[in-house]
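Remarks on the overall topology
What follows is each chain in one-letter form.
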Amino acid sequence: MRENNVVITPRQENHGSGHFRHSKDGIWWPFMKSLPRSTAVLAFPVVLIVGALVYTRMLDTHPIISGRSSTKSALSTTPYDTRPYTVPRPFGQIEVPLNCGAYNLTGTCPTDQYPIPEDDQSRPSNATCPDYFRWIHEDLRPWARTGITKDMVERARATANFKLVILKGKAYLETYVKAFQTRDVFTLWGILQLLRRYPGKVPDLELMFDCVDWPVVSADRYNGPNAEEPPPLFRYCGNDATLDIVFPDWSFWGWAEVNIKPWEILLGELKEGTRRTPWLNREPYAYWKGNPTVAETRQDLMKCNVSDKQDWNARLYAQDWGQESQEGYKKSDLASQCTHRYKVYIEGSAWSVSEKYILACDSVTLLVKPHYYDFFTRGLIPVHHYWPIKEDDKCRSIKFAVDWGNSHKQKAHEIGMAASDFIQEELKMDYVYDYMFHLLNSYAKLFRYKPSISANATELCVESMVCGAEGLEKKFMMESLVKGPANSNPCTMPSPYDPPSLHAQLKRKESSIQQVESWEKSYWEKQNIKS
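These numbers come from a predicted model, not from an experiment. (Residues numbered from 1 in each chain as written. Predicted model: local features only at pLDDT ≥ 70, side-chain atom pairs only at ≥ 80, totals over all residues. Heavy atoms only, no water.)

**Digging into the nonpolar core**
Tyr-132 and Tyr-443 are the most contacted members of the largest nonpolar core, which has 105 residues in total. In this structure, Tyr-132 is in contact with Phe-375, Phe-376, Gly-379, Phe-422, Glu-426, Leu-427, Tyr-431 and Tyr-435, ignoring residues within four places of it in sequence. One finds Ala-286, Cys-395, Ile-415 and Val-516 within the second-largest nonpolar core, a separate group that totals 28 residues. (Core = buried A, V, L, I, M, F, W, Y, C linked by side-chain atoms within 4.5 Å. Buried < 20%, exposed > 50% of the residue type's maximum accessible area, 1.4 Å probe, protein only. Contact = heavy atoms within 4.5 Å.)

In structure tokens, the structure reads:
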């Protein structure tokens, strides 16, 4: 059954497209200011001539390609001049236009899709990647010794929705089973944006992708001296009992069916939403809104709602997406839901994409014990980024968490801010793309065969996806379109965990959860004595 649980969702860089600014911040002002008035008058025509020559050179070597000004010669121009040159790098930003007119006529993708910058070691990097990138090494460890063979990849087809091949920077798609809603569409769209952001840098590879929630590659099945090697299967989440390779989910580029905007846009709206109501002025309760019908654990959560007989400090609301669609999604604006001091995160049939929206609110995230992880959540630390909630005693656990937070307001607010800072700084779209880049590069290095295109595969490009799209699907694609190659290299991958440090980190997380459970036990013992 290919359906999802869930409530609920990138960023285009828009570096300056202008050249010299007409202000006192321009590059000529300090020079002119330092000269005597008479000398400055004589020097000014010379400066204009030199400026014109430099500007002409910039036009020849640093094209800014957009709209109808695109030509074949412009696309083949080297975007970054390697000769000595003092103009700041942003002036070399290239914008790669869409060409739906040509695509609609021919039905074929552009021959030269993206200009490939020359290898330039002087291009800046975004320093070291966030620490959760280290899990890429762990996710690929099952194939570290043997590498990845053609047979392994083909065995992953059993549950895959599609196979994607990347050859010489171009993407080729073979679809096996249509995914639920537009999960596959926006996942593929995201990978195409990666190819636009880092043209020529993603190596040749083949991958199988399963868009269903729950992981299926059981670790036990591939354990033992006579066991075969596991198939490398990509999906959105994993757990401790499986070997599926986790990858950023479709909602980073938008979730059209429920009007969830691309992450780059929504992240800014969530930041503004946190400022509307200061934390101390928010409702002092735990808030949750979602679809409770997808899992028993969510139905159990609804029992914690306030009633005439009991108040567990929870305010819980069932989300009817059908009704929301008819009413124009007026009551499901995520940026308007940062109104409570505490917000509950709970899984559905598996992991839920709602987690990043909840963590971004500055509220204390009350995280019901999870069974699944996605690509970034293993970087979260209990009592620093969130407050752990028992799965088998939700109501009492939530009540204690809210009472504790309302009695320790400063500490509680710090937990909420740490989570929103993590989301804003370490989960911005730059890092989502860099995670994809490093994961695919590390994956491709394991290949023991040369990837190839099957007879059933078709070339995929942004034109083939967006030119025929309609409605919110097209709107979100255009809003999440990467305009052109990044001006900086991907962040630098952190080193892998060594076994002792990985064990120590997991132990620290476990100890923090046990500490909260100890406080909670003591709290309820005192309540029983009072009663």
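**Quick notes on helix 13 (residues 409-426)**
The first and last C-alpha atoms of helix 13 sit 25 Å apart over 18 residues, in line with the 26 Å expected at 1.5 Å per residue. Buried within helix 13 we find Ala-412, Ile-415, Gly-416, Ala-418, Ala-419, Ser-420, Phe-422, Ile-423 and Gln-424. (Helix = DSSP H or I, 4+ residues; strand = E, 2+ residues; numbered from the N terminus. Expected span 1.5 Å × (residues − 1).)

**Thoughts on helix 14 (residues 429-444)**
Side chains three or four residues apart in an α-helix point the same way, a direct result of the helix having 3.6 residues per turn. With 16 residues, helix 14 extends 22 Å from end C-alpha to end C-alpha; this agrees with the ideal 22 Å at 1.5 Å per step. Counting buried positions along helix 14 yields 15 of 16 residues, so the element is predominantly enclosed.

**Topic: the state of the cysteines**
Scanning the entire structure with this criterion turns up five disulfides. Sulfur-sulfur distance for the disulfide between Cys-129 and Cys-491 comes to 2.1 Å. Judged by the sign of its S-S torsion, about 100°, the cystine formed by Cys-129 and Cys-491 is right-handed. Linking Cys-129 in the loop between helix 4 (100-106) and helix 5 (135-139) with Cys-491 in the loop between helix 16 (471-479) and helix 17 (499-530), this pair joins segments that are 362 residues apart in sequence. Note on accessibility: Cys-129 and Cys-491 belong to one class, buried. Across the disulfide, Cys-304 is cross-linked to Cys-395 (sulfur-sulfur distance 2.1 Å). Between Cys-304 and Cys-395 the disulfide shows an S-S torsion of about -90°. By sign, it is left-handed. Residue Cys-304 is found in the loop between helix 9 (296-301) and strand 7 (314-318), and its partner Cys-395 is found in helix 12 (residues 394-407); the two are separated by 91 residues along the sequence. When the cysteines engaged in disulfides are numbered in sequence order, the protein chain pairs them as 1-9, 2-8, 3-10, 4-7, 5-6. (Disulfide = S-S within 2.5 Å.)

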